[in-house]
Structures are given as structure tokens and as C-alpha cells.
Amino acid sequence: MLGNALQTICIGIDEGKITVLGKDLEGDRVIDLSRYFIMPGGVDIHTHMREPGMEHKEDFDTGTMAAAFGGTTTILDMPNTIPPVTTPGSIDDKLNTISGKANVDYGVYAALMPGADIIELKKRACGFKLFMAETTSAQPLVDDEMRELLAHPELAGEVIAVHAEDPSLFQEGEAQSLPDHDSSRPVMAETSAVDKVLNMPTQATLHLAHLTCLVSFDKALEYSTEATPHHLFLSSSYHLGTLGKVNPPLRNMKAQASLFSAFVRGRVGIVASDHAPHTLEEKDQPFGKAPSGLPGVETRIPLLLGMVRSEQVSLGLIQATCCHDPATLFGMKKGHIEVGYDADLAVYDLKDVTRIQGDKLHSKCGWTPFENYNAIFPKYVMLGGEMILSENELIIKGKGKTI
Ligand code: DOR
Ligand code: ZN
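In this report, we go over the structure that sits alongside the text. (Residues numbered from 1 in each chain as written. Chains lettered and ligands numbered in written order. Predicted model: local features only at pLDDT ≥ 70, side-chain atom pairs only at ≥ 80, totals over all residues. Heavy atoms only, no water.)

### Looking at the coordination of the zinc ion (ligand 2)
Threshold: Counted as coordinating are nitrogen, oxygen and sulfur atoms within 2.8 Å of the metal, or 3.2 Å for Na, K and Ca, while water is not included, which may make sites look incomplete. Working definition: helices are DSSP H or I runs of at least four residues, strands are E runs of at least two. Numbering for both runs from the N terminus. The cut-offs for exposure are 20% and 50% of the maximum accessible area for each residue type, with area from a 1.4 Å probe on protein chains only; residues under the lower value are buried, those over the upper are exposed, and the others partly exposed.
For the zinc ion (ligand 2), the protein coordination sphere consists of His46 (NE2), His48 (NE2) and Asp274 (OD), at 2.0 to 2.2 Å. Each donor residue of the zinc ion (ligand 2) belongs to the same chain, and together they define the spacing H-x1-H-x225-D. Placement of His48 in the loop between β4 (42–47) and α1 (60–69) and of Asp274 in the loop between β11 (270–271) and α10 (280–283) is noted, with a sequence separation of 226 residues between them. His48 gets classed as buried once you look at its relative accessible area, which sits at 6%. Take Asp274: its relative accessible area is 5%, and that puts it in the buried class.

### Here's the deal with the environment of Pro229
Note the following rule: In what follows, residue pairs with any heavy atoms lying within 4.5 Å of each other are defined as contacts.
For Pro229, the position within the fold is in helix α8 (residues 229–233). In this structure, the C-alpha to C-alpha distance between Pro229 and Cys126, residues 103 residues apart in sequence, is 23 Å. Residues in contact with Pro229, not counting those within four places in the same chain, are Leu234, Val271, Ala272, Ser273, Arg300, Leu303 and Phe370.

### Observations regarding the site of ligand 1
As a reminder, the rule being used: Note on terminology: near, applied to a residue and a molecule or strand, indicates that one of the residue's heavy atoms is within 4 Å of it. Contacts described as polar in this section are N or O atom pairs within 3.5 Å, which, within protein, must combine one atom able to donate a hydrogen with one able to accept it, while residues neighboring in sequence count only if both atoms come from side chains. Accessibility throughout is a Shrake-Rupley quantity obtained with a 1.4 Å probe, and a residue counts as covered only by protein chains that appear here. Gly is placed with the polar residues, together with every amino acid not listed as nonpolar (Ala, Val, Leu, Ile, Met, Phe, Trp, Tyr, Cys and Pro) or charged (Asp, Glu, Lys and Arg).
His48, Arg50, Asn80, Thr135, Thr136, His163, Val246, Asn247, Ala276, His278, Ser292 and Gly293 make up every residue found near ligand 1. Taking His48, its side chain carries an N or O atom lying 3.3 Å from an oxygen atom of ligand 1. Between ligand 1 and the protein, one listed contact pairs an oxygen atom with a side-chain N or O atom of His278 at 3.1 Å. When ligand 1 sits alone it has 280 Å² of accessible area, and the protein chains cover 100% of it. Grouping the constituent residues of the shell around ligand 1 by class yields two nonpolar, nine polar and one charged.

### Points about α1
Of all ten residues that make up α1, nine are buried, and the element is covered over most of its length. Phe60, Thr62, Gly63, Thr64, Met65, Ala66, Ala67, Ala68 and Phe69 are the residues of α1 that are buried. Elements in contact with the buried residues of α1: β5 (72–77), α2 (88–98), β6 (105–111), β15 (380–383), β16 (386–390) and β17 (393–394). Remark: Gly71 follows α1 within two positions and exhibits a positive phi of approximately 80°.

### Focus on the pairing of β6
Consecutive side chains of a regular strand alternate in pointing toward one face of the sheet and then the other. Let me state the cut-off plainly: Criterion used throughout: strands pair if DSSP finds at least two bridges between them. By convention, orient the strands away from the viewer: a clockwise path from the first strand over the helix to the second makes the crossover right-handed.
Within β6, seven of the seven residues are buried, leaving the element largely enclosed by the surrounding structure. Alternating positions in β6 separate into two faces, Asp105, Gly107, Tyr109 and Ala111 on one and Tyr106, Val108 and Ala110 on the other, with burial throughout. Across four bridges, β5 lies against β6 in parallel orientation. Each residue of the ladder has a partner; that of Thr74, found in β6, is Asp105. Pairing between β6 and strand β7 (residues 127–131): three bridges, direction parallel. If you follow Tyr109 over to β7, its bridge partner there is Gly127. Each parallel crossover has a hand, and for β6 linked through helix α3 (residues 118–124) to β7 it is right-handed.

### Notes on the pattern of salt bridges
The condition that has to hold: We count a salt bridge whenever a side-chain nitrogen from Lys or Arg sits within 4 Å of a carboxyl oxygen from Asp or Glu.
Counting across every chain of the model gives 27 salt bridges. Between Lys397 and Asp61 there is a salt bridge whose closest N-O contact spans 3.2 Å. Placement of the pair is Lys397 in the segment after β17 and Asp61 in helix α1, with a sequence separation of 336 residues. Overall, Asp61 belongs to the partly exposed group, its relative accessible area being 23%.

### Regarding the pairing of β5
Buried residues dominate β5, accounting for six of its six residues. Note: β4 against β5, four bridges, orientation parallel. Paired with Gly42 across the two strands is Thr72, which belongs to β5. As for the winding sense of the linkage, the β-α-β connection from β4 through α1 to β5 is right-handed.

Below, the structure written as C-alpha cells:
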């Protein structure tokens, strides 16, 4: 798919990059994929690969393998690990630990904390994460800390992904169900957080992560925004129990339906998975005790492709929200089938619709909230000009590099 149009075309690749596009190209090696649909490799800017410190949930090998099997060739990893990525030393340690393990390209975020060495962090991190509320292994900032950090001149032009929930509007007490969880961290907490952060002066590029309601998107029209597949497709009335517990929470059916229709109208910005795996044992606890977060890096694009026939979702919209726009936000030469861009490609047979099965996916956690949903998984995946996945097998491992 070139731009917004389907075309039959040859893609010339040299040294990992797309070097020419044309009708009849010759080369040392020719792969005939003419019966398939080719998209740029997906770019998922919001994942939690859990390494270091929570490798029982996921690690860089399994998490990036799941990405590859879902047609995603670049992931950005969040800093709420153990220890968290807050200092140049912790980011160096993380980069050393994961070096050689990734099956797709990757970047790592640093958490924005008071006293952060922003100059050194930004040399190593793909961007910053700002937590406004408590969530798995993450310490939130209070308003004054946030205001001071955002005004830091060294953050000019840096992407800051914001977890926008205002804890002063959370309800007391432990939620016992998904509707309860929705009311305990209500939509108002999100819209209030969006107001707060957008009113703080900064030269950084703010990216509002996992927004769940239209009011938030309306407030953030001039900013980069993100929706997740779980907020687009799942609601608090689904019988998912703790498997659907996530922050920000799944909303009611009406809110979910209007979010989905905004997505179809091209209004939600980037679609990122917020892949946040926890084991089934951890989820198998009373609702209030179970951790928040659910997996999604492998199903993000396949789920959307599975909807192309039945719903109003277009291939162009999927490509824009999952490949083009996330790559552009971070200035990566990825996510486009264009000359000069990395030869990261995912190849699909659009007739081959299958059903998602948690135990067939590649995340260590072994489950999905999208069990039995229609999906189209890639037949082949190319990373930097090399076929890494072919016919349901990862044939080259560990080829991912830092962006
Ligand atoms: O539900 C969530 N889980 N929300 C987050 O922001 C973090 C995530 C996790 O890391 O488990
Ligand atoms: Zn997250």
C-alpha cells in the first residue's frame, strides 16, 4: 500500500532501506509476493516489555517476538520496570541487558522524575514518560513537580508521553468489578488531567497516551493523541473480570462505541497497544488485588485488519494510525513504503481471516482479552530488508536494534 492507494509495485531494497519503487525492477534476489497485501511494518510506541525485573510476565525476546508475529517491527518500551528507568545509569543497564535479545527494532523511554538528568537521558532515550497517576510500578508526579519539569528548556522538541489521570478525582475504596473500576478512576479524572497538563508551559512535544473519551480528544486537538485497541473494542460491561482491569479503565458501552466511531472518522490519532502483560496467576485474584494491564502488541494490527471487511475500518486508516503517524511523531525513517525509509514490511493474505487464540500467541503471559476475535496475521515480516518471519515461524532471531 503506497500512501492511501493499493498498487501492484516492486519494492527495491538495498542495505536495509527502500531504494526504489517501480513497475518492473530487477535485482540480485527477487521475492514474488504479488498475491499478498504489503504494509509497512507496524510501529507500536506504547509497550511494557517488563525487562528488567518482571521477566516472569514478559522479556525482550518474548515481547518482541509477539510484536513480529503481529506485523509490528518497531516497539518503544515504557520505563516502569524494576528498577524504573529514571537515570542515565539505569537506562545504560537496561540497554546492555536487552542488547541482542530483541526480535524487532526498539527504543526505550525514560521516566520524567524530579531531578532527572535530562541532558544525559535524552541522549539515550527515545522519549520521556510522565505518569500523573499511580499504576503498575510507577510513581506519579504532583502538579508542581510536573510544571517545573515540563518547563525545562532541555526538553524542547522531545516527545513526552503522558499518562493522563488526575488522582485527586479517584474514588476511595477498592473496586470490585469493571464498572466499579471505571467509576473509581472516572472519565472526569482523565479530562481534568488533560486540562492540567495542556495548561503547563513546555517546549516539549506532548503525546497524550491511551485516551478513553471523546472530550479528551476534543481538548487535545492540537496535540498528538493515542487510543488503544482495548478501549476501542472492549467495554466495562464485557465479562472479562480482572482480565479487563487496566488503567485508564475500560469505559461503558456507549463511551466505547463513540470512541470507535471517532476512530473510524480518523479522530483518535495513533493506535498503540499499551501491551502490559501480567500472568494469569496474578490476574486470578480478587478484583481489587489483581494488577492492571493487558497484553496487545501481537493483536493490534491483526485485529484491525480483521475488521476491514465487516466494519468501516479502511486499510489506509490502519496504516496511518499504526505505522505512518507513530513513526513520524518520533522522527523515525520507518512506517512508510517510500524511498529512503527502512525496509520493514509486513505481508498479509487479506483472505486469511483467523480467530485469535491466547494460547497460540507469543507473549509469555499466554492470554488475550480478544479471545476468538477475527484477525489477519502476517505471512511474512521483513526487518531492515531481511525476512525475519516466514509462514508462522520466526526464522531470524535477535536482529532488532535500537532506533
Ligand atoms: O493498566 C496499566 N498497566 N496501566 C498502566 O499505565 C501501566 C500498565 C502496566 O505496566 O502494567
Ligand atoms: Zn502503558
